[in-house]
Amino acid sequence: WERIQPIARTGSGPVTIGQLTSALDGPVDESYLDGVAAEVDKIHTAGMKAVVGLHSGCRFPYRQKPGSNDAALFCGEGISADRISRVWTAISTVFKNRRGVFAYDILNDPIITSFPGGLVTYRTVTQSLVDAIRATGDAHTVWVQFPEDRANRGSTMTSGPWIHDPLLTITYSQHFYPGRTAVDNERYDPAVDAPIIAAVSGFAAWCARWT
């Protein structure tokens, strides 16, 4: 996200709340979006399609260096539905007519326990993003990630889909990360599969129930 709305740092001190809000209230970097569009065009030329995503779990900036004292904003705490909708309006305006786009992934890996309002805030923001995309005349499929964290899993599982889309082209998706993958040099133990199997099974049951 911060590539589209760069944060203007001053000096070597930590990033402040004021610098972050200035970035969010400023214009988008059109040249950066043009660069992304050029990559999508290359993907289309190669016979494939791209999923365009705003790499943010409703947090700005998305990542901080370890030990950093930089400030951060979250949905419900500095990131309003209007602020993030402005970004997706800009993205949609560039990509709505591009044949190389398969779908949009509006928020990546949302950790909804990290921002005020939790599940309620997340549902409000994601609906606002879908509304903003449709308001540009964009008919692309929108991926909405399923916030399956322990604090909110029960209410999410029982209440069902929440997005209202006039085009009915919403796809709910979920991140699943098995333990000890890629970065851990440890002997395989089948026990590490149990949590990921439970998570996949739970999401599959939710999809089957609400299809």
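Each remark here, short or long, concerns the structure printed above.
Treat the numbers as computed from the prediction; the structure is a model and nothing was measured.

Overview of the state of the cysteines
- Going through the model one piece at a time under the given rule, you end up with one disulfide.
- In this model Cys 58 forms its disulfide with Cys 75; the gap between the sulfur atoms is 1.8 Å. An S-S torsion of about -70° defines the bridge between Cys 58 and Cys 75 as left-handed. With Cys 58 in the loop between β1 (50-53) and β2 (59-60) and Cys 75 in strand β3 (residues 73-75), this pair connects stretches of sequence that are 17 residues apart.
- Since its relative accessible area comes to 0%, Cys 58 is described here as buried.

Details of the nonpolar core
- Core analysis: the biggest nonpolar cluster contains 48 residues, and Ile 91 and Phe 95 have the highest contact counts within it.
- With seven residues, helix α3 (residues 81-95) is the single largest residue contributor to this core.
- Residues in contact with Phe 95, not counting those within four places in the same chain, are Leu 33, Val 36, Ala 37, Val 40, Val 52, Val 101, Tyr 104 and His 140.

A few points about the sheet that holds strand β7 (residues 170-173)
- Strands sit in the order β1-β5-β6-β7 across an open sheet of four strands; the sheet is parallel. Each having just a single partner strand, β1 and β7 make up the two edges of the open sheet. Pairs of neighbouring strands in the sheet enclose a mean axial angle of 30°, with direction left out of account.
- Relative to strand β5 (residues 101-105), β1 runs parallel, the two sharing four bridges. Bridging across to β5, Ala 50 finds its partner in Val 101.
- Those strands touched by helix α4 (residues 118-135) are β5, β6 (141-145) and β7, and its axis lies near 170° from that of β6.

Here's the deal with the side chain of Arg 134
- Position of Arg 134 among the secondary structure elements: in helix α4.
- A residue is classified by how much of its surface remains accessible, and Arg 134, at 13% relative accessible area, is buried.
- Reaching out from Arg 134, the side chain makes a polar contact with the side chain of Thr 169 at a distance of 2.6 Å.
- Those residues in contact with Arg 134, other than ones at most four positions away along the chain, are Ala 139, His 140, Val 142, Asp 165, Leu 167 and Thr 169.

Conventions and cut-offs
Residues numbered from 1 in each chain as written. Predicted model: local features only at pLDDT ≥ 70, side-chain atom pairs only at ≥ 80, totals over all residues. Heavy atoms only, no water. Disulfide = S-S within 2.5 Å. Helix = DSSP H or I, 4+ residues; strand = E, 2+ residues; numbered from the N terminus. Buried < 20%, exposed > 50% of the residue type's maximum accessible area, 1.4 Å probe, protein only. Core = buried A, V, L, I, M, F, W, Y, C linked by side-chain atoms within 4.5 Å. Contact = heavy atoms within 4.5 Å. Pairing = 2+ DSSP bridges. Axes fitted to C-alpha atoms, helices over the stretch in contact; angles between N-to-C directions. Polar contact = N/O pair within 3.5 Å; in protein donor to acceptor, adjacent residues only side chain to side chain.

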